[in-house]
Amino acid sequence: MPLIKVASGVVNQTPMAWEGNTKNIIHAINEARKQQVSLLCLPELCISGYGCDDYFFAPDLVEQAKECLLEIVQETAGMVVAVGLPVRHNGSVYNAACLISNKQILGFYCKQNLANNGIHYEARWFRPWQPGIVESIEVNQMLYPIGDVLFDLAIGPIQGGTNGVKVGFEICEDGWVSNRPARRLYERGVDIILNPSASHFAFNKFMTREKLVVDASRAFSCSYIYTNLLGNEAGRAIYDGDAMIASNGDLLASSLRFSYEDYLITTAVIDTEYTRLSQAQSKITVGNKDRTWRVGGRFDFPDIDPVLPQVPDIEPFEKGGALKEEEFARAVCLALFDYLRKSRSNGFTISLSGGADSCACTALCGLMIRLADESIGMDRLKEKLSHIKDIQSAKTEEDLALVLIHNIYQGTENSSTDTLESAQSLAESIGSTFYNININGLVETYKGLIEDKIGRKLSWEQDDIALQNIQARVRAPGVWLLTNLSNHLLLATSNRSEVAVGYATMDGDTAGSISPLAGIDKHYLRQWLRWLETAGCEVKGKHIKIEGLKKVNSLQPTAELRPLAQTQTDEADLMPYEFLNALEKLAIRDKKSPLESYRHLQVRYKGLYETEQLLAWTERFFKLWSRNQWKRERYAPSFHLDDLNLDPRTWCRFPILSGGFEKELKELKEYAAGAAMQNGRKRIGF
């Protein structure tokens, strides 16, 4: 029995959707059985969903998960299956994985290292299990081992486990820490390590995961099965469905990423004799003689034939040299699709100004349709959106776009023909429904009402910000009305650069149900739009370009809220977007002081900008960041894309009221003034 067919199963789950989650798990088990899999690993907390937040404290949640587990157990005939769920034990809640063998629970492994950074707050809900401890837990009037256990699956009558297949666990974060459980599992002679994970998407993170999995299989002379969640599970985090199987330092198989399916199975054949040979040749430490961690079980692994060398395929979109552009498109599109179906909304409405942000939102919705069609086909797409009756007769992607994407251009006397043409050409190129209305009369009505009460005329010289903001805010009621008429989701259109400095009108361009761009900076977004127009996204073996973006890519970003004669631009109002992005990384991601940020920027932009300009922009950024935390608190939920996230609910917390870096900015000015004097002073002597 040296050869075993194993599988990693990814599933698209929803927090506390008990029937749907259980159905996906059972379908994954049945699919694995069809493929003659003996051992299947399913993701972390896949029964309950990973993103249940404070409801993990609810006793009923644990009971519901237990009931689902007992239902799943009955579907595991002829297989070994690992499934994740929360369990309550001795007054604490644990993040656990249950190993089932042929319709019989063998026991529960509990996570030892809790993810408690970034978007993860596991230590708020779960207790970490202490290494080396094994206890008992009652489930359905039966006692099972729980804790730091290694499962020993013997063929035939259990004879002490000397010839059994030893299966151990690392749950997600367990595998990312230096003192990982795999070290102890290696000393115990582990054959297979299962890693059920809920590892959120970030740009290029799949490369780090692959290295982690392959290196673990080599370092610990074992087969390593890694699985992950898929899709937009709970609203913000995106899971790419990245799953891998490695053995003795070789990657045998990897899954498709960003699939629109409910579940996927990735299989490989592992050779336990090969990994045991490696252990025998490399072990120099004495094994742990404590046997309390060993949990025996019986499973008759079938004899299978050898297979040819296994090499995973690289997906076409990963070969084209535009990996970040492809990942951004696929991650956000999958997140939008899941948000649409899980909220049972009928589509998306976007206030399409013709600028880069609203055009990017519209383009992503158009790509969503095309990527979903590529992944699961038109019929399955309509089935997954079966609650939207108006698309069931659709024959083409354009038919879908007409129903699912509504755009409205709301112009004033300050709007240009350029932005109207930009908006209209994009809508036409993807097939969305497009409306064009003029709101100048509404703006004038509001101005008149206030002018009557304050007894004077409003002017650009005296009331610049107020006159800009009323135009943006007047757009919100109309687009909300249009959104509600179709039971759509309204997309807010602000990007991360604007989020950082508060360059947005609250209840204007920030109005919306979700904010898909709030995790991406404007400098990169403009690059992405040019790529989408000229190169395009890899879909069905060809690159899908959105040529309707040509007009917006030729325009300088502008809010178009001042009179046209003033030629308003975003970068003139703020600072160059590339500079803003670099300063944001230093100040917010790296937590550097104003002075340290300024010194780094001096080195990076020496010769490009004057010292006085660098100083002014640095001071402006820190003041705007501090002043506008209240805006960040009010933004619509956004998608997590990388460690530059500014979402105060999940990643980047900052006080609404603060000292505003007053002392730090004073120190910056003193430093800059001293440096200027030093540079201007003539050297005497020598």
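Residues numbered from 1 in each chain as written. Predicted model: local features only at pLDDT ≥ 70, side-chain atom pairs only at ≥ 80, totals over all residues. Heavy atoms only, no water.

**Some words on unusual backbone geometry**
How we decide: Secondary structure elements are taken from DSSP: a helix is a run of H or I of four residues or more, a strand is a run of E of two residues or more, and numbering for both begins at the N terminus. Only protein chains enter the accessibility calculation, which uses a 1.4 Å probe; a residue whose area is less than 20% of its type maximum is buried, one above 50% is exposed, and one in between is partly exposed.
Phi at Ser 221 is positive, roughly 45 degrees, even though this residue is not glycine. The topology assignment puts Ser 221 in the loop between helix H5 (205–219) and strand E11 (223–227). On the basis of relative accessibility, which here comes to 2%, the residue Ser 221 falls in the buried class. In this structure, Asn 248 is a non-glycine residue whose phi angle is positive, near 55 degrees. Following the sequence through the fold, Asn 248 ends up in the loop between strand E14 (244–247) and strand E15 (250–254). The buried category is assigned to Asn 248, whose relative accessible area is 14%.

**A closer look at the sheet that holds strand E9 (residues 165–169)**
The cut-off we apply is this: Only strands that DSSP links by at least two bridges are regarded as paired with each other. Fitting a line to C-alpha atoms yields each axis, with helices limited to the stretch in contact; the angle taken between N-to-C directions then spans 0 to 180 degrees.
Spatially, the seven strands line up as an open sheet ordered E15-E14-E11-E10-E9-E8-E17, and their pairing is mixed. At either end of the open sheet lies a strand with only one pairing partner, and these are E15 and strand E17 (294–298). Along the sheet, successive strands turn relative to each other by an average axial angle of 20 degrees, direction set aside. One ladder, built from three bridges, connects E9 with strand E10 (residues 192–196); its direction is parallel.

**Structural notes on a nonpolar patch on the surface**
For clarity, the cut-off: Only residues whose relative accessible area exceeds 30% and that form no salt bridge enter a patch; like-charged residues are grouped when within 9 Å of one another, and nonpolar side chains (Val, Leu, Ile, Met, Phe, Trp, Tyr) when within 5 Å. All accessible-area figures derive from a Shrake-Rupley calculation using a 1.4 Å probe, and residue coverage is judged against the displayed protein chains alone. A pairing counts as a salt bridge when a side-chain nitrogen of Lys or Arg comes within 4 Å of a carboxyl oxygen of Asp or Glu.
On the surface, a cluster of nonpolar side chains totalling about 390 Å² of accessible area is made up of Tyr 446, Leu 449, Ile 450 and Ile 454. Here Ile 450 shows up in helix H11 (residues 440–454).

**Some details on the pairing of E15**
Pairing of E14 with E15, which is carried by four bridges, proceeds in the antiparallel orientation. Residue pairing across strands places Ser 247 opposite Asp 250, the latter belonging to E15. Counting the residues in the hairpin turn of E14 and E15 gives two residues, including Asn 248, whose phi is positive at 55 degrees.

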